[in-house]
Amino acid sequence: HNAYDAYIDNKTLFISCESDGLYIFDISIPTTLNKIGRYRGGGYYSALRDGNYLYIAAGGAGLEILDISDLANPKFVSNLENDYGGILQLVKAGGYLYLNSEFENFYKIDVSDPKNPVQVGQFWVGGNHSLGISTTGNYIVLANSNYGIRIFDHRSTAIQQVGEFLSLGRVV
């Protein structure tokens, strides 16, 4: 199944599988996983829940959005594929999703209407793979492989780098 990422939201576990879609488990009793749903897809690398929506980093397929109001029956809502070159992870900050791509740039997506996500920003990462992303306070931290660490302030309208740590090795 190639499980790639595990995301926990309260008592629900979402497993993103690189070649087998999404599995949803109730983990009310952590020692007894209870599978409650599945969505067949492929190339799923990570997920993030916001209300009744699940945002999925779907590799070459870009961003996929599912309606998970019924966890047993996730429903496709929309997809944003813009030749992103392999979306691996995502975070939500300041009302926007930020996507990191394994082979391309760093993207800011307006998901105020999940049925119609719109790319509103892009930051060129100079050909360096982006393999990790996280948020803290007003900042987004991007692990940008051979470049190092890039720090962005999500309060800015444009994607604006405000800090960095240049690495001597690969950051993942």
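This text goes with the structure placed above it.
Residues numbered from 1 in each chain as written. Predicted model: local features only at pLDDT ≥ 70, side-chain atom pairs only at ≥ 80, totals over all residues. Heavy atoms only, no water.

Caption draft 1: Just the environment of Ala61, in detail. Relative to the elements of secondary structure, Ala61 occurs in the loop between β6 (53-57) and β7 (63-67). For Ala61, a relative accessible area of 27% gives the class partly exposed. Spatially, the C-alpha atom of Ala61 lies 7.8 Å from that of Asn79, the residues being 18 residues apart in sequence. Look past the residues within four positions of Ala61 in its chain and what remains in contact with it is Asn79, Leu80 and Glu81. (Helix = DSSP H or I, 4+ residues; strand = E, 2+ residues; numbered from the N terminus. Buried < 20%, exposed > 50% of the residue type's maximum accessible area, 1.4 Å probe, protein only. Contact = heavy atoms within 4.5 Å.)

Caption draft 2: Highlighting the sheet that holds strand β9 (residues 87-93). An order of β9-β10-β11-β12 is seen for the four strands of this open sheet, with the pairing classed as antiparallel. Each edge of the open sheet is held by one strand with a lone partner, namely β9 and β12 (118-123). Strand after strand, the sheet turns through a mean of 25° between neighbouring axes, direction not considered. As judged from the five bridges shared by strand β11 (residues 106-110) and β12, these two strands associate in the antiparallel manner. Residue Asp110 lies in a different strand from β12, and its bridge partner there is Val118. (Pairing = 2+ DSSP bridges. Axes fitted to C-alpha atoms, helices over the stretch in contact; angles between N-to-C directions.)

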